[in-house]
Amino acid sequence: MRIAVGSGNPVKRDAVAAALPDATVESVSVASGVPEQPWGDDETIEGARNRAERALDAGEYDLGVGLEGGVAERDGDLFLIMWAAATDGKRVETGGGPRMRLPDDVAARLRDGAELGPVMDDLLDTSGVAENQGAAGVLTGGITNRTEALRTAVAGALGPFVTDYY
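Keep in mind the model is a prediction, meaning the values are calculated, not measured.

Quick notes on the rules
Residues numbered from 1 in each chain as written. Predicted model: local features only at pLDDT ≥ 70, side-chain atom pairs only at ≥ 80, totals over all residues. Heavy atoms only, no water. Axes fitted to C-alpha atoms, helices over the stretch in contact; angles between N-to-C directions. Helix = DSSP H or I, 4+ residues; strand = E, 2+ residues; numbered from the N terminus. Parallel < 35°, antiparallel > 145°, perpendicular 65-115°, else oblique. Left-handed = near helix turned anticlockwise from the far one by under 90°. Contact = heavy atoms within 4.5 Å. Nonpolar A, V, L, I, M, F, W, Y, C, P; charged D, E, K, R; others polar. Buried < 20%, exposed > 50% of the residue type's maximum accessible area, 1.4 Å probe, protein only. Pairing = 2+ DSSP bridges. Expected span 1.5 Å × (residues − 1). Bend = angle between axes of the 7 residues up to and from the residue. Polar contact = N/O pair within 3.5 Å; in protein donor to acceptor, adjacent residues only side chain to side chain.

Peer 1: It is not clear to me how the packing of helix α3 (residues 104-111) against helix α4 (residues 116-124) should be interpreted in this structure. Could you clarify?
Peer 2: What describes two packed helices is the angle between their axes and the distance between those same axes. Between α3 and α4, the shortest axis-to-axis distance is 10 Å and the interhelical angle comes to 135 degrees. Judged by the angle between their axes, α3 and α4 are oblique. When you trace α3 past α4, the crossing you get is right-handed. Contacts between α3 and α4 involve Asp 105, Val 106, Arg 109 and Leu 110 from the first element and Leu 116, Val 119, Met 120, Asp 122 and Leu 123 from the second. For the contact of α3 with α4, the per-class residue count stands at 6 nonpolar, no polar and 3 charged.

Peer 1: What is the right way to look at the pairing of strand β3 (residues 63-74) in this model?
Peer 2: Put simply, side chains in a regular strand alternate between the two faces of the sheet. Burial analysis of β3 places 9 of its 12 residues in the buried class, which makes it a mostly covered element. Here strand β1 (residues 2-5) runs beside β3; their pairing, made up of 3 bridges, is parallel. Counted as the bridge partner of Val 5 is Val 65 from β3. Judged from the 11 bridges that link them, β3 and strand β4 (residues 77-87) form a sheet pairing that is antiparallel. When the sheet's bridge partners are listed, Val 71 is paired in β4 with Leu 80. As consecutive antiparallel partners, β3 and β4 are separated by 2 residues, and within that stretch Asp 75 has a phi angle of approximately 50 degrees, a positive value.

Peer 1: Would you mind showing me how to read helix α6 (residues 146-162) here?
Peer 2: Helical geometry: 3.6 residues make up each α-helical turn, so side chains three or four residues apart lie on a common side. End to end, α6 covers 23 Å across 17 residues, agreeing with the expected 24 Å (1.5 Å per residue, within 8%). The largest bend along α6 measures about 35 degrees and falls at Gly 156, with the proline Pro 160 one to four residues further on. Along α6, the residues classified as buried are Arg 146, Ala 149, Leu 150, Ala 153, Val 154, Ala 157, Leu 158, Gly 159, Pro 160 and Phe 161. Packing partners of the buried residues in α6 comprise α1 (10-19), β3, β4, β5 (92-96) and α5 (134-139). Where α6 starts, the residue carrying a side-chain oxygen 3.0 Å from the main-chain nitrogen of Thr 147 turns out to be Asn 145.

Peer 1: When you look at the side chain of Lys 12 in this model, what are you seeing that I'm missing?
Peer 2: Topologically, Lys 12 is positioned in helix α1. Beyond its immediate chain neighbours, meaning those up to four positions away, Lys 12 contacts Val 5, Ser 7, Arg 51, Leu 67, Glu 68, Arg 146 and Leu 150.

Put into structure tokens, the structure is as follows:
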């Protein structure tokens, strides 16, 4: 099976490869069609769907997969959210990853218009958090990481393509 992942981020490619280790997984840089920092489930899912469809259209692939991280409010708190979409050109399926409450200082900066990746880089005085452990790894003390969290979302999106239950 040949799969296109709608992103040049190696963490997103690795998440798909971890979900389907026997597949050939290729990164295809495509636009998400949503803001750099998606807000809410709907906008985050839209970005994942756009990435999946655009990746599939980029070549001869069996599936296109899109992954999008965003933030969503619940009861006054801001949460990191992750969504994946998979398409074979006939249907699009989605799956969600874990949700993690963001620290108040991080949430405040996002509400002021910042993007999570650069905020985490600034907080840790580093660069490239989004291409490594991600906020998921930092905020869980390494219990999980961005690749594993995204793999969970990908698994949910791929379920209807790899089982007969749907």
